[in-house]
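Here's the letter readout for the chains.
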Amino acid sequence: MTPLSSEGVLYIVSAPSGAGKTSLVKALLKSDPAIHLSISYTTRPPRPGETDGRDYHFVSRQRFEEMLADGEFLEHAEVYGNFYGTSKGSISRDLLAGHDVLLEIDWQGAEQVRAHFPEAASIFILPPSFAALRTRLAGRGQDSDEVIERRLAAAAHDVAHAGAFDYIIVNDDFDHALQDLVAITRSIRLQTARQLKRHAALFEEFQRI
């Protein structure tokens, strides 16, 4: 498959449910407004406090299937009986416009996205231990015991795919994990190829001397 060219940086962040991925991403976006969060589509109902168009685009299963048939998704997956998908058009437009985009998706979606954007920077968030993951999932108060057990059972499978990612962060201490995440995004922006393009006028100025 031919890679899609881009000007902005595409960040992919994945983790087992309950590893703290969403909290870390929100803190990163607050500290760095230059990164745009890609809003995924989902067929699951909103959780308390979630807003349509901000957290997800909440759609019916029929609407999701129509979009899928029309080829509107860059990636899609079924997770715990609900469907999730990322808009191909919105990602491409943002990147070509020079905007940095962050995708908060599972490892399956990350694999699909990397097939289109092999230059994307992929980051996997690990919980400090299985016991800590269980405590976090139970402490959220959002899922039934049955759902929590399903998420825990899936965690080992998710973690088995961490080796396919460019970076791994262990979220033991939140502030330290956030510093690691910020460091990754900053280092990617400072890559020589990106700096040569970003500061082309500066390099041309010195070449004229």
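Our subject is the structure that appears above.
Quick look at the structure, then.

Reading the values: rules and limits
Residues numbered from 1 in each chain as written. Predicted model: local features only at pLDDT ≥ 70, side-chain atom pairs only at ≥ 80, totals over all residues. Heavy atoms only, no water. Pairing = 2+ DSSP bridges. Helix = DSSP H or I, 4+ residues; strand = E, 2+ residues; numbered from the N terminus. Axes fitted to C-alpha atoms, helices over the stretch in contact; angles between N-to-C directions. Contact = heavy atoms within 4.5 Å. Buried < 20%, exposed > 50% of the residue type's maximum accessible area, 1.4 Å probe, protein only. Arc of directions from axis to C-beta. Core = buried A, V, L, I, M, F, W, Y, C linked by side-chain atoms within 4.5 Å. Polar contact = N/O pair within 3.5 Å; in protein donor to acceptor, adjacent residues only side chain to side chain. Salt bridge = Lys/Arg side-chain N within 4 Å of Asp/Glu carboxyl O. Parallel < 35°, antiparallel > 145°, perpendicular 65-115°, else oblique. Left-handed = near helix turned anticlockwise from the far one by under 90°. Nonpolar A, V, L, I, M, F, W, Y, C, P; charged D, E, K, R; others polar.

Once that is clear, we can look at the sheet that holds strand β7 (residues 100-104). The strands making up a sheet are joined through hydrogen bonds of the backbone, oriented either antiparallel or parallel. One open sheet holds the five strands; their spatial order is β2-β7-β1-β8-β9, and the pairing between them is parallel. At either margin of the open sheet sits one strand with a lone partner, and together these are β2 (35-37) and β9 (167-170). Taking the axes of each pair of neighbouring strands and ignoring which way they run, one obtains an average angle of 25 degrees across the sheet. Inspection of the sheet shows β2 paired to β7 by three bridges, in the parallel sense. Bridge pairing links Ile35 to Asp100 in β7.

Spatially, the four strands line up as an open sheet ordered β4-β3-β6-β5, and their pairing is mixed. The open sheet terminates on both sides in strands that have one partner only, identified here as β4 (57-58) and β5 (73-79). Against the sheet, helix α2 (residues 61-69) makes contact with β3 (41-42), β5 and β6 (82-87), and its axis sits at roughly 140 degrees relative to β5, the strand it touches most.

Attention shifts here to helix α3 (residues 88-96). Three- or four-residue spacings in an α-helix give side chains the same orientation, since the helix completes a turn every 3.6 residues. Of all the residues in α3, the buried ones are Ile91, Ser92 and Leu95. End-on, the buried residues of α3 take up no more than an arc of 95 degrees, which puts them together on one face. Looking at the packing, one finds that the buried side of α3 touches β1 (10-14), β5, β6 and β7. In the stretch just after α3, Gly98 is the one whose phi turns positive, near 90 degrees.

β1 sits mainly inside the fold: five of its five residues count as buried. Across four bridges, β1 lies against β7 in parallel orientation. Note that in β7 the partner of Leu10 across the bridge is Val101. Two strands pair when backbone bridges link them, and β1 and strand β8 (residues 121-126) are joined in this way by four bridges, in the parallel orientation. Bridging across to β8, Val13 finds its partner in Ile123.

Membership of the largest hydrophobic core comes to 22 residues, with the highest contact counts inside it found for Tyr11, Leu28, Leu102, Ile123, Ile125 and Ile169. Secondary-structure elements contributing two or more residues to this core are β1, α1 (21-31), β8 and α7 (174-189). The element best represented in this core is α7, accounting for six residues. Among all residues touching Leu102, those that are not within four sequence positions of it are Tyr11, Val13, Val25, Leu28, Ile35, His36, Leu37 and Ser38. Of all hydrophobic cores here, the second largest spans 17 residues; its members include Ile105, Val113, Phe117 and Leu126.

Tracing the backbone shows Arg44 in the loop between β3 and β4. A relative accessible area of 6% places Arg44 in the buried class. A distance of 2.9 Å separates polar atoms of two side chains, one belonging to Arg44 and the other to Glu50. Apart from residues no more than four positions distant in its own chain, Arg44 is found in contact with Glu50, Tyr56, Phe58, Asn82 and Tyr84.

The next subject is the pattern of salt bridges. One pass over the full model with this rule turns up seven salt bridges. We note a salt bridge from Arg189 to Asp32, for which the minimum N-O separation is 2.7 Å. Taken together, the positions of Arg189 in helix α7 and Asp32 in the loop between α1 and β2 put the pair 157 residues apart, joining distant regions of the chain. Under the relative-accessibility criterion, Arg189 is labelled buried at 18%. Using a relative accessible area of 12% as the deciding quantity, one classes Asp32 as buried. Here the salt bridges do not stand alone but share partners, grouping Asp32, Asp100 and Arg189 into one network.

A separate point is the packing of α1 against α7. The interhelical angle for the contact between α1 and α7, taken along N-to-C directions, is 55 degrees, at an axis separation of 10 Å. Judged by the inter-axis angle, α1 sits oblique to α7. Between α1 and α7 lies a crossing whose hand is right-handed. Contacts from Ser23, Leu24, Ala27, Leu28 and Ser31 of α1 reach α7 at Phe174, Ala177, Leu178, Leu181, Val182 and Thr185. When grouped by side-chain class, the residues that make up the contact of α1 with α7 number eight nonpolar, three polar and no charged.

Purely geometric numbers; function is a separate question.
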